[in-house]
Protein chains: 2
Amino acid sequence: MTVPALSISRRLRNTPFTDRVNTAGVKSYTVYNHMLLPTSFKSMEEDYFHLKKHVQVWDVSCQRQVSVKGPDAAILMQRLTPRNLTKMVVGQCYYIPIVDDQGGMLNDPVTLKLAEDHYWISIADGDLLLWVKALAIGFGLTVSIEEPDVFPLAIQGPKSAELLERVFGPAIHTIRFFRFQEFTFEGQSLIISRSGFSEQGGFEIYVNDPDLASPLWDTLFKTGQDLQVRAGCPNLIERVESGLLSFGNDMTSANTPLECGLGRFCQIENETNCIGHEALKKGAKEGPARQIRSIAIEGEPFISPCDDKWPLFDGEKHVGDVTSAVWSPDFKTNVALGMVNKSHWADGTSLTIKTPQGPRTATILEKCFTDRK
Amino acid sequence: MTVPALSISRRLRNTPFTDRVNTAGVKSYTVYNHMLLPTSFKSMEEDYFHLKKHVQVWDVSCQRQVSVKGPDAAILMQRLTPRNLTKMVVGQCYYIPIVDDQGGMLNDPVTLKLAEDHYWISIADGDLLLWVKALAIGFGLTVSIEEPDVFPLAIQGPKSAELLERVFGPAIHTIRFFRFQEFTFEGQSLIISRSGFSEQGGFEIYVNDPDLASPLWDTLFKTGQDLQVRAGCPNLIERVESGLLSFGNDMTSANTPLECGLGRFCQIENETNCIGHEALKKGAKEGPARQIRSIAIEGEPFISPCDDKWPLFDGEKHVGDVTSAVWSPDFKTNVALGMVNKSHWADGTSLTIKTPQGPRTATILEKCFTDRK
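What you see is a predicted model, and the numbers here were worked out from it, not measured in a lab.

Trainee: Please clarify how the overall build of chain A should be interpreted in this entry.
Mentor: The helix and strand tally for chain A stands at nine helices and 22 strands. A compact globule built from 373 residues would reach a C-alpha radius of gyration of about 21 Å, and chain A, at 21 Å, matches this within 12%. For chain A, the spread of C-alpha atoms along the principal axes amounts to about 65 × 50 × 40 Å. The burial tally for chain A puts 60% of its 373 residues in the buried class. Looking at chain A alone, contacts between residues at least 24 apart form 65% of all its contacts between residues at least 6 apart. Total accessible area on chain A stands at roughly 14700 Å², and carbon and sulfur atoms take up 48% of it. Computing the positive centroid from 38 side-chain charges and the negative centroid from 45, chain A places the two 3 Å apart.

Trainee: What's the story with the pattern of salt bridges in this structure? I'm lost.
Mentor: Where charged atoms from two side chains of opposite charge approach closely, those side chains can pair. Counting across every chain of the model gives 26 salt bridges over all chains. Between A:Asp250 and A:Arg239 there is a salt bridge, with the nearest N and O atoms lying 2.9 Å from each other. Placement of the pair is A:Asp250 in the loop between helix H7 (236–242) and helix H8 (277–286) and A:Arg239 in helix H7, with a sequence separation of eleven residues. The pair A:Asp250 / A:Arg239 is uniform in exposure class, with both members buried. The partner of B:Asp226 in a salt bridge is B:Arg166, and the shortest N-O contact between them spans 2.7 Å. One end of the pair, B:Asp226, is in the loop between helix H6 (210–223) and strand E16 (230–232); the other, B:Arg166, is in helix H5 (residues 160–168), with 60 residues separating them in the sequence. In this structure B:Asp226 comes out as exposed when scored by relative accessible area, which is 54%. With relative accessibility at 35%, the residue B:Arg166 sits in the partly exposed group. Salt bridges sharing partners connect three or more residues here, namely A:Arg13, A:Arg64 and A:Glu147.

Trainee: Help me understand the side chain of B:Thr15, please; the structure alone is not making it clear to me.
Mentor: Residues and elements named next belong to chain B. Summarising the element assignment, threonine 15 is placed in the loop between strand E1 (5–6) and helix H1 (18–23). At a separation of 2.9 Å, a polar atom in the side chain of threonine 15 contacts the main-chain amide nitrogen of phenylalanine 17. Within polar-contact distance, the side chain of threonine 15 engages the side chain of aspartate 59 at 2.6 Å. In this structure threonine 15 touches Met35, Leu36, Asp59 and Ser61, once residues within four positions along its chain are discounted.

Trainee: Explain the interface of chain A and chain B here, please?
Mentor: Contacts between the two partners involve 46 residues from chain A and, on the opposite side, 46 residues from chain B. Here chain A packs against chain B, burying approximately 4300 Å² in sum over the two surfaces, 59% of which is carbon and sulfur. Sorting the residues of chain A by area buried against chain B places A:Arg10, A:Arg11 and A:Leu130 first, and these three jointly supply 20% of that buried surface. The interface formed by chain A and chain B holds four salt bridges in total. A salt bridge links A:Lys133 to B:Asp100, with the nearest nitrogen and oxygen atoms 3.5 Å apart. Counting the contacts that link chain A with chain B gives 29 residue pairs in polar contact (both at pLDDT 80 or more). Where the side of chain A that touches chain B is concerned, the elements lending two or more residues are strand E1 (5–6), strand E2 (28–32) and helix H4 (128–139) of chain A. Per element, the largest residue contribution to the side of chain A that touches chain B is nine residues, and it comes from H4(A). Here the residues of the side of chain A that touches chain B are counted per class, giving 22 nonpolar, 13 polar and eleven charged. As paired strands, E2(A) and E1(B) are joined by two bridges and run parallel to one another. Following the sheet pairing, A:Ser28 is matched in E1(B) by B:Ala5.

Trainee: Whenever I open this one, the packing of helix H5 (residues 160–168) of chain A against helix H6 (residues 210–223) of chain A confuses me. Can you help?
Mentor: What describes two packed helices is the angle between their axes and the distance between those same axes. All names here are of chain A. Where H5 meets H6, the closest approach of the two axes is 10 Å, and the angle between their N-to-C directions is 115°. H5 and H6 meet at a crossing whose hand is right-handed. Residue-level contacts link Leu163, Leu164, Arg166, Val167 and Phe168 of H5 to Leu216, Thr219, Leu220 and Thr223 of H6. The residue inventory of the contact of H5 with H6, partitioned by class, reads six nonpolar, two polar and one charged.

Trainee: Please clarify how the relation of the copies chain A and chain B should be interpreted in this entry.
Mentor: One copy of the chain maps onto the other through a rotation about an axis plus a displacement along that axis. In the superposition of chain A on chain B (RMSD 0.0 Å, axial shift 0.0 Å), the rotation amounts to 180°. Such a combination of rotation and displacement between the chain copies is what one expects of a two-fold axis. Residue A:Gly138 of chain A places its C-alpha closer to the rotation axis than any other residue of that unit, at 1.9 Å. A share of 100% of interface residues in chain A that are also interface residues in chain B marks the association as one of identical surfaces.

Trainee: Just checking my understanding: could you explain helix H2 (residues 44–53) of chain B for this structure?
Mentor: Since there are 3.6 residues in each turn of an α-helix, residues three or four apart along the chain are aligned in direction. Taken residue by residue, H2(B) has B:Asp47, B:Tyr48, B:His50 and B:Leu51 as its buried positions. In this structure, the buried side of H2(B) is in contact with strand E3 (35–40), strand E4 (56–59), strand E12 (151–156), E16, helix H7 (236–241) and strand E19 (317–328) of chain B.

Trainee: Any chance you could explain the nonpolar core here in plain terms?
Mentor: Buried together is how nonpolar side chains tend to be arranged in soluble globular proteins. Counting 163 residues, the largest nonpolar core has A:Phe168 and B:Phe168 as the members making the most contacts within it. Ignoring sequence-local partners within four residues, the contact set of A:Phe168 consists of A:Phe183, A:Thr184, A:Phe185, A:Leu190, A:Ile192, A:Ile205 and A:Leu216. Counting residues in each nonpolar core, the second largest holds 53 residues, with A:Ile96, A:Ile121, B:Trp131 and B:Ile275 among its members.

Trainee: I tried to follow the sheet that holds strand E5 (residues 65–69) of chain B on my own but got confused; where do I start?
Mentor: The strands making up a sheet associate through backbone hydrogen bonding, with each pair oriented either parallel or antiparallel. Residue and element names in this part refer to chain B. Across the sheet, five strands lie side by side as E6-E9-E10-E5-E11; this open sheet has antiparallel pairing. Each having just a single partner strand, strand E6 (93–95) and strand E11 (144–146) make up the two edges of the open sheet. When strand polarity is set aside, the average angle formed by the axes of neighbouring strands in this sheet is 20°. Direction of pairing for E6 relative to strand E9 (residues 110–115): antiparallel, over a ladder of three bridges. Looking at the pairing, tyrosine 94 lines up with threonine 111 of E9. Sheet contacts for helix H3 (residues 73–80): E5, E9, strand E10 (118–122) and E11; angle to E10, the most-contacted strand, approximately 30°. Packing of helix H4 (residues 128–139) onto the sheet brings it into contact with E5, E10 and E11, and relative to E11 it is tilted by some 170°.

Trainee: Just to check I follow, could you spell out the packing of aromatic side chains for this structure?
Mentor: The description of two aromatic rings rests on the distance between their centres and on the angle between their planes. Following the criterion strictly, the structure yields 20 aromatic pairs over all chains and no others. Ring geometry for A:Phe168 versus A:Phe185: centroids 6.3 Å apart, planes at 55°, classification tilted. Placement of the pair is A:Phe168 in helix H5 and A:Phe185 in strand E13 (residues 180–185), with a sequence separation of 17 residues. Note on accessibility: A:Phe168 and A:Phe185 belong to one class, buried. Aromatic side chains B:Phe168 and B:Phe183 sit 5.9 Å apart centroid to centroid with 70° between the ring planes, which places their arrangement in the edge-to-face category. Remark: B:Phe183 occurs in strand E13 (residues 180–185) and B:Phe168 occurs in helix H5; sequence separation between them is 15 residues.

Trainee: Explain the sheet that holds strand E9 (residues 110–115) of chain A to me, please; I cannot follow it from the model alone.
Mentor: Residues and elements named next belong to chain A. Judged by pairing direction, the sheet is antiparallel, and its five strands sit side by side in the order E6-E9-E10-E5-E11 without closing on themselves. The open sheet terminates on both sides in strands that have one partner only, identified here as strand E6 (93–95) and strand E11 (144–146). When the angles between neighbouring strand axes are averaged without regard to direction, this sheet yields 20°. The strands touched by H4 are strand E5 (65–69), strand E10 (118–122) and E11; relative to E11, the strand with the most contacts, the crossing angle is about 170°.

Trainee: Is there a simple way to think about the environment of B:Gln267 in this case?
Mentor: Residue and element names in this part refer to chain B. Secondary-structure assignment places glutamine 267 in the loop between H7 and helix H8 (277–286). For glutamine 267, a relative accessible area of 24% corresponds to the partly exposed category. Once the C-alpha coordinates of glutamine 267 and lysine 281 are considered, the two residues, 14 residues apart in sequence, prove to be 9.5 Å apart. Those residues in contact with glutamine 267 that lie beyond four places of it in its chain are Pro82, Arg83, Asn84, Thr272 and His277. Of note is the side chain of glutamine 267, whose polar atom sits 2.5 Å from the backbone nitrogen of asparagine 84.

Cut-off values and rules
Residues numbered from 1 in each chain as written. Chains lettered and ligands numbered in written order. Predicted model: local features only at pLDDT ≥ 70, side-chain atom pairs only at ≥ 80, totals over all residues. Heavy atoms only, no water. Helix = DSSP H or I, 4+ residues; strand = E, 2+ residues; numbered from the N terminus. Rg over C-alpha atoms; globule rule 2.2 N^0.38 Å. Buried < 20%, exposed > 50% of the residue type's maximum accessible area, 1.4 Å probe, protein only. Contact = heavy atoms within 4.5 Å. Areas by Shrake-Rupley, 256 points an atom, 1.4 Å probe, with all protein chains shown as cover. Lys, Arg positive; Asp, Glu negative; His and termini not counted. Charge placed at Lys NZ, Arg CZ, Asp CG, Glu CD. Salt bridge = Lys/Arg side-chain N within 4 Å of Asp/Glu carboxyl O. Polar contact = N/O pair within 3.5 Å; in protein donor to acceptor, adjacent residues only side chain to side chain. Buried area = accessible area lost by both parts, 1.4 Å probe. Nonpolar A, V, L, I, M, F, W, Y, C, P; charged D, E, K, R; others polar. Pairing = 2+ DSSP bridges. Axes fitted to C-alpha atoms, helices over the stretch in contact; angles between N-to-C directions. Left-handed = near helix turned anticlockwise from the far one by under 90°. Least-squares fit on C-alpha atoms with pLDDT ≥ 70 in both. Core = buried A, V, L, I, M, F, W, Y, C linked by side-chain atoms within 4.5 Å. Phe/Tyr/Trp six-rings, centres within 6.5 Å; stacked < 30°, edge-to-face > 60°.

Laid out in structure tokens, this is it:
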């Protein structure tokens, strides 16, 4: 399959880093929240090896923030998610499933609690601003909902703390996982969290002024030269190995958080005010009928991406679907994620998968690839 | 500027026509409502000349439908838009601005009234489903909100009625502009409306079964061979000449319908239950401070698309921004759309525009290019 060309228009927004990303030699983009998100630089495999060894700077401006601020902010936040937020403290980040009234996944953002009455929801692909704003209007809550001009820049890889120490000082080491602190760059205050869409360790810098974007990018590259810093992006191989789910790929509104293996982020037993509470409670009794699993697929590396569900079969019976699949150089197999029926989700179950490159043998895994090492 | 490659994944959905579109030689795509939308075949200019002369088949599956059905459907619909819907009859299509509580544009869909208690909102780019569903929940309305499996196929160009008559019979001529009727294809009932995102005349077929997609496509091409039928797509040149606005390009939530020149679709004087009514009423008294205009830009054809606002100046004063711009072979000038301040929006006003190809002279026009012919 040839890679199609992407037509550019204002509707697919550039980011304050796009000039630098282009200069760094971006090879391909995807569109995420109406914005450009790089998907490869040297090649997906070269980017992958580099990410696991060094440090990368990722333009993830497309992780738009939904700012929820006002006296009713905490009330509204709890209506959005089955995760209990009552113990969340200022300075903390929570990964929260956001669900509709049927318990269907609408987004899986990381949320930052900036103040008792102020949250940022750092969203996956989908116009969650519309959902949150409409609920606030419909429920008559006193809260203002906005998309601020914040452009996250992720620093990922094993040398990321060393790079950020050089730019922001040793206090960078005091940020605990899924916490954030304020730092200063060129006299302006910036939030930095210990988080990011890889399992290689790292940070996200919430750049709150587009004019800081180029100076910050340039400083990171100048300072990190001997650390072999490079422009990078969320890496498909690394995320599938690590079992990191992608909203829109591995889960949609047709799936509950329980199906997505996100039960630990749902406090369904206790009463919450989450819109989807009743639906999820009903589903929790029976348990999910299917769930996302890591899956190893035998044979040659796939040459085309998983652009649609690839069905899993036990004989003639359709028992699941793969939604992300790619060759892993480290695990020397095709690694995949997919939704598998309860009857067939046990570790080691062998199934047949229909792919554009023909039928293959697929093995269901209980744990993700990196946790099995 | 080199055209970037688009990375494919399940998150950017294929349509039931994607195979046929690829076979037809699509050159580039954009992403629209998380789906692939073709943007050129032979070339934008060749597509343009062909569209004005013959007939094209457009895969506009990305015009997702938000289905609003139930006893409170009409109540909810009127909360969404400042356009008075009380006289809308079953079988009619309405172009409706959809606004938030500040009167900001959230979408500009065509809406079909399928029954007294059932509407389809055929949306522009943006997850309007989230907005509509959250309002229904917040207001406690008895209505079900869904995205049905409907994939619009537009037939556009001067020979479109002739082509559809051959496939669906002479009743196709009885559909009035912005009305729809039911037709039969391979024993299945399909809605066809007289509408579409061009000024060349045409229809939209609401394909409600993905299995009909390839047979319908193939029938249209076989039947229309002597009409020189071709695969096509919304054409940037033709839409800018005609003054057709693109949500996300020429207008965003920062703009009111009045700024977008959509005042005739807003019944602001009378009371409506539209969420944005109060805000729009306040704005209507003073009138908009800026408005979208057609603009002619002198000089060589632009080689890069308008991927960001191009500012308009009167001397040193910033008085507007162009958001779409492209060379028109028929008008032999660069045609553009942009938001211009009241002080400078009079027909014939001469301004300077800063473009990636340097400063140019821009002339503000009261009417769109095709209406000035």
